[in-house]
Amino acid sequence: MKRLIAKRSVLYLGRMYAPGDTLPANDQKMVTAWLNAKSAVWAGQEAKEGEEQADVYTDNQEQENATEGAEEGQGTEMVEGNLDPDQLAIMKKDALEKLAVQLGVDISGAKNNKERAELIAAVTVQAPKSGTGSAQ
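First things first, this report covers the structure right here in the doc. (Residues numbered from 1 in each chain as written. Predicted model: local features only at pLDDT ≥ 70, side-chain atom pairs only at ≥ 80, totals over all residues. Heavy atoms only, no water.)

Turning our attention to the nonpolar core. If you look at the biggest cluster of nonpolar residues, it comprises twelve residues: Met16, Leu88, Met91, Ala95, Leu96, Leu99, Ala100, Val105, Ile107, Ala117, Ile120 and Ala121. When contributions to this core are tallied by element, the ones reaching two or more residues are helix 4 (93-103) and helix 5 (113-121). Here this core takes four residues from helix 4, the largest share from any one element. Ignoring any residue separated from it by four or fewer positions in sequence, one finds Ile120 in contact with Leu83, Leu88, Leu96, Leu99, Ala100, Leu103, Val105 and Ile107. (Core = buried A, V, L, I, M, F, W, Y, C linked by side-chain atoms within 4.5 Å. Buried < 20%, exposed > 50% of the residue type's maximum accessible area, 1.4 Å probe, protein only. Helix = DSSP H or I, 4+ residues; strand = E, 2+ residues; numbered from the N terminus. Contact = heavy atoms within 4.5 Å.)

Within the secondary structure layout, Arg116 lies in helix 5. Although buried, Arg116 forms no salt bridge, and the nearest oppositely charged side chain, Glu97, lies 4.6 Å from it. If sequence neighbours within four positions are ignored, Arg116 has contacts with Lys93, Leu96, Ile107, Ala110 and Lys111. (Lys, Arg positive; Asp, Glu negative; His and termini not counted. Salt bridge = Lys/Arg side-chain N within 4 Å of Asp/Glu carboxyl O.)

Relative to the helices and strands, Leu103 is located in helix 4. With 21 residues separating them along the chain, Leu103 and Thr124 place their C-alpha atoms 9.3 Å apart. Once residues within four sequence positions are removed from consideration, Leu103 is found in contact with Leu83, Ile120 and Val125.

Attention now goes to the packing of aromatic side chains. This model, assessed by the stated rule, comprises one aromatic pair. Between the aromatic rings of Tyr12 and Trp34, the centroid separation amounts to 5.1 Å while the plane-to-plane angle is 85°, which identifies the pairing as edge-to-face. Residue Tyr12 is located in strand 2 (residues 10-12), and its partner Trp34 is located in helix 1 (residues 28-36); the two are separated by 22 residues in the primary sequence. When sorted by exposure, Tyr12 lands in the same class as Trp34, which is buried. Note that Lys2 overlies the ring of Trp42, its terminal NZ or CZ placed 4.6 Å from the centroid. (Phe/Tyr/Trp six-rings, centres within 6.5 Å; stacked < 30°, edge-to-face > 60°. Lys NZ or Arg CZ within 6 Å of the ring centre and 35° of its normal.)

Time to look at helix 1. Given 3.6 residues per helical turn, the α-helix brings residues three or four places apart onto the same face. Where helix 1 is concerned, the buried positions are Val31, Thr32, Trp34 and Leu35. When helix 1 is viewed along its axis, its buried side chains cluster within an angular range of 165° and face the same direction. Among the residues trailing helix 1, Lys38 stands out with phi positive, at a value near 60°. (Arc of directions from axis to C-beta.)

Following this line, the structure appears as structure tokens:
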């Protein structure tokens, strides 16, 4: 059975996946992004087949993105903002601690998840701009 394995920490749908964890492979757009960013690799018997499917999807996406970029006259834009403290507060303590390390935030003085979330949310982060004008 093929599995998508994280090579580095990945935050996806409010859950932090550590290196070596199995990532969900049901969102082909995210699978392609993780593979292209070298954040994940396929493992298992059918890994080669999965890589070929991802390559085909990547080629199609690149063609679509090139067309969209030409139509809009822009490349990948980044927007700055802050993470939602309410969404962060429902994460587990160890996931918040890992995220804080990745963002370079000192949360050692926080007494609970709400305080940890508020400290992390205070940091400005960057995300790709979506077609609707908001971060994805």
